[in-house]
Amino acid sequence: MAARGHVQDPNDRRLRPIYDYLDNGNNKMAIQQADKLLKKHKDLHCAKVLKAIGLQRTGKQDEAFTLAQEVAVLEPTDDNSLQALTILYREMHRPELVTKLYEAAVRKVPTSEEYHSHLFMAYARVGEYKKMQQAGMALYKIVPKNPYYFWSVMSLVMQSISAQDEKLSQTMFLPLAERMVEKMVKEEKIEAEAEVQLYFMILERLGKYVEALEVVQGPLGGEEKTLCSSKENSGLFPVECMCVDEKSLKSTFTLCCQTFKMTNKCILRKCSTRLVTLYHQDARNFNKYRSKRMLLDLFLEADISSPLEESVKSMSLCPEEDDIPWDSLRDNRDLTVLVSWDPKDRQLNEEHRQRSLEEDTLWLRLRSLTLRLIGCVSALTHPPASRNSEKTTENGVAAKPSSLQSLLSQLENTLNQATQFSEKQLQVRTVTDRLANAGFFCFFCQDNIFNFHFVRFYFISVNQNMLEKCKGDLLEVKDSHSMTQHFLLENLVYFVESVCIVLWVSNYCGSVLRPLKSSLQKKKKKKKEASTVTPPVLSAYQEFSSSLQSLLNQALEHIKSQEISLTALKLEALSLEGQTQSEAEATFTKTAMDKVQSSYLRSLQEIGELLKKRADTLKSLKI
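Fair warning: this is a prediction, and the values are worked out from it, not measured in the lab. (Residues numbered from 1 in each chain as written. Predicted model: local features only at pLDDT ≥ 70, side-chain atom pairs only at ≥ 80, totals over all residues. Heavy atoms only, no water.)

**Quick word on the nonpolar core**
Phase 1 of the analysis: In this structure, Leu15, Leu50, Val153, Leu298, Phe495 and Trp504 are the most contacted members of the largest nonpolar core, which totals 144 residues.
Phase 2 of the analysis: With 17 residues, the top contributor of residues to this core is helix H22 (residues 486-527).
Phase 3 of the analysis: If we skip the residues at most four places from it in the chain, Val153 touches Ala177, Met180, Val181, Leu198 and Ile202. (Core = buried A, V, L, I, M, F, W, Y, C linked by side-chain atoms within 4.5 Å. Buried < 20%, exposed > 50% of the residue type's maximum accessible area, 1.4 Å probe, protein only. Helix = DSSP H or I, 4+ residues; strand = E, 2+ residues; numbered from the N terminus. Contact = heavy atoms within 4.5 Å.)

Okay, structure coming up:
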């Protein structure tokens, strides 16, 4: 119930006991105190809303809602009632009612900066981006402050992100946002780093990398106006200048790096591919890097820019050969640099180091086997659809080559070892804990995929086990404190990797099943049969492809929602509150959070782009 201290209202003294009861969790006493107050002051609307909050918290939701609406229909404009209703609606998970509340307040007090600002934020919480844009501009006309103008610009960016029509995003929302920022640039009204970053984001989304580079190289690249006012004689002024200089230097370096990465993306990718070939010649020294780089290149490129077979061939990957010297692996990590506040009996010891090495070795084996299995899938030949073909299984798919069988056996053995490792009931601290997260789960999914278990993976996709492990907010801000859940992004990467493997295996199976379907159709024509029973394998494959399409759509929607959430957090960086802080710590904290938000946002965008490209390849699965 904070945020009431600044309210200058004669009734504040009467309401304070109710606030205190609610803050301390004594909801019954809050209700009783509100009833006493309402007997003496029937028109004290805030007391009625505070009583509704107490009722809500004691499980009487219907009664609380009825009481609150008695006040809401009166369209109150006092701060106490508005803030109390806002809190109540949030606890009821009815944010759309907050927008109606402040829409009415703005109609009654059209020049109120505070009410317009609350209305804008209410629209942001319910995703009403067009109304956000309008509210931002209305606020700017009343109080011409830069943050309000750029709230409107950011609203356009959010409209472009949430737009179903990509063409509309590129031809209307983003160009309009660009023109709005350019207007402020020409009029030399840019005041904050967040405004420059927003401009850079717009140009990046429009693919205008040259213009983005010009922004970095021009006067806008993180110079930053410093308002000295009455602070010239303050002892804090030199510290503030140092903070601005430090932040400007770091921000400029970051923007330069971003632009360099964008303008040299293709060159860097080609260089990485060539380095992989070079490292392959000295496999004993670069095995860990090579496997990681090869897998990354396959996930990013195979069957997008070039066929899987060509990608594997260019890497000189031989699935039958295991060139990692497992017996010669050494742990070169210095785990003593890790600071631990655990009791002495739980400090890192030799047993922990050995377990950590064992865990990492199992992880490396799983990744290596994944790479080799992908190579094996790419090398599979398409069996001819005839009676004289090689031995086939009951569902018509050719028997797997011995090399694939051998690798699958190794994968299952390694998974069993990893399972036993993770199930050991020893209270032993691990360093990476890789085998306890979704990454380990994804290997079981991949094992099913490589075994061509369509039905089994179909149920996995329906239950969305992998995707469910990606749900949640990557970054959440509560009471000015930020919390990150970085493992969600890692889980999302594992999900996309599994999707890539599903598509490659499915593509191979499709190429095997197409001749079977064609043969059945020819027989049907020859015999002129009215109907032919579709083999279970064909119907199962088609059902599987359909469920996979649905799963990818859900994943893309999840990624888009995360992008919107992170972009909304960036919006808060444009608020006026941040400009009043003068402490160096606050400045550096803000800079660090900006980097975290930008990093997560870029990662989500890259994952989303890759998943969209993979989704496009689903068309090739039709038989």
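**Looking at unusual backbone geometry**
Phase 1 of the analysis: A positive phi is found at His93, a non-glycine position, where the angle reads about 60°.
Phase 2 of the analysis: Within the fold, His93 resides in the loop between helix H5 (79-91) and helix H6 (95-108).
Phase 3 of the analysis: One non-glycine residue, Asp303, lies in the positive phi region at around 65°.
Phase 4 of the analysis: Relative to the helices and strands, Asp303 resides in the loop between helix H15 (283-301) and helix H16 (308-314).

**Remarks on helix H4 (residues 61-72)**
Phase 1 of the analysis: Given a rise of 1.5 Å per residue, 12 residues ought to cover 16 Å, and the 16 Å separating the end C-alpha atoms of H4 matches this to within 8%.
Phase 2 of the analysis: Residues Ala64, Leu67, Ala68, Val71 and Ala72 constitute the buried set of H4. All buried residues of H4 project into a common sector of 145° when viewed along the axis, lining one side. (Expected span 1.5 Å × (residues − 1). Arc of directions from axis to C-beta.)

**Describing the packing of helix H10 (residues 166-186) against helix H11 (residues 193-205)**
Phase 1 of the analysis: H11 packs onto H10 with a crossing angle of 145° between their chain directions and a minimal axis gap of 10 Å. Of the two possible hands of crossing, H10 and H11 adopt the one that is left-handed. Contacts from Gln170, Leu174, Ala177, Glu178, Val181, Glu182 and Val185 in H10 reach Tyr199, Ile202, Leu203 and Arg205 in H11.
Phase 2 of the analysis: When its residues are assigned to classes, the contact of H10 with H11 shows 7 nonpolar, 1 polar and 3 charged. (Axes fitted to C-alpha atoms, helices over the stretch in contact; angles between N-to-C directions. Left-handed = near helix turned anticlockwise from the far one by under 90°. Nonpolar A, V, L, I, M, F, W, Y, C, P; charged D, E, K, R; others polar.)

**Section: the pattern of salt bridges**
Phase 1 of the analysis: According to the stated counting rule, one finds 15 salt bridges in the structure shown.
Phase 2 of the analysis: Notably, a salt bridge pairs Asp12 with Arg16, separated by 3.0 Å at the nearest N-O pair. Of the two residues, Asp12 and Arg16 both sit in helix H1 (residues 12-23), 4 residues apart, roughly one turn of that helix.
Phase 3 of the analysis: Residue classification places Arg16 among the partly exposed positions, given a relative accessible area of 36%.
Phase 4 of the analysis: A salt bridge links Arg372 to Asp322; the shortest N-O distance between them is 3.7 Å. Here the residue Arg372 occupies a position in helix H17 (residues 350-379), and Asp322 occupies one in the loop between H16 and H17, the gap between them amounting to 50 residues.
Phase 5 of the analysis: Given the relative accessible area of 36%, Asp322 is considered partly exposed. (Salt bridge = Lys/Arg side-chain N within 4 Å of Asp/Glu carboxyl O.)

**Let's talk about the packing of aromatic side chains**
Phase 1 of the analysis: The tally for this structure, following the rule as stated, stands at 7 aromatic pairs.
Phase 2 of the analysis: Geometrically, the ring pair formed by Tyr102 and Tyr115 is tilted, given 6.2 Å between the ring centres and 55° between the ring planes. With Tyr102 in helix H6 and Tyr115 in helix H7 (residues 113-126), this residue pair connects regions lying 13 residues apart in the sequence.
Phase 3 of the analysis: On the basis of relative accessibility, which here comes to 3%, the residue Tyr102 falls in the buried class.
Phase 4 of the analysis: An angle of 15° between the planes, with centres 4.6 Å apart, marks the rings of Phe120 and Trp151 as stacked. Here Phe120 is found in helix H7, whereas its partner Trp151 is found in helix H9 (residues 146-162), with 31 residues between them in sequence. Grouping residues by exposure puts Phe120 and Trp151 together as buried.
Phase 5 of the analysis: Taken together, the aromatic side chains of Phe120, Tyr148 and Trp151 make up a single cluster linked through ring pairs.
Phase 6 of the analysis: Against the face of Phe421 rests Arg355, its NZ or CZ located 4.7 Å from the ring centre. (Phe/Tyr/Trp six-rings, centres within 6.5 Å; stacked < 30°, edge-to-face > 60°. Lys NZ or Arg CZ within 6 Å of the ring centre and 35° of its normal.)

**Notes on the packing of H7 against helix H8 (residues 129-142)**
Phase 1 of the analysis: Relative orientation of the contacting elements H7 and H8 amounts to 165°, with a least axis distance of 9 Å. On the basis of the axis angle, H7 is roughly antiparallel to H8. Here the hand of the crossing between H7 and H8 comes out left-handed. Contacts from Glu113, His116, Ser117, Phe120, Tyr123 and Ala124 in H7 reach Lys131, Met132, Ala135, Gly136, Ala138, Leu139 and Ile142 in H8. (Parallel < 35°, antiparallel > 145°, perpendicular 65-115°, else oblique.)

**Overview of the confidence of the model for the chain**
Phase 1 of the analysis: Looking at the chain as a whole, the pLDDT averages 77, with 74% of positions reaching at least 70.
Phase 2 of the analysis: Looking at the elements of the chain, mean pLDDT is at its lowest for helix H14 (residues 265-280), recorded as 42, and at its highest for H6, recorded as 95.
Phase 3 of the analysis: This stretch, residues 231-247, has a pLDDT under 50; its non-local contacts, to residues over four places away or in other chains, come to 16 contacts. (pLDDT = per-residue confidence, 0-100.)

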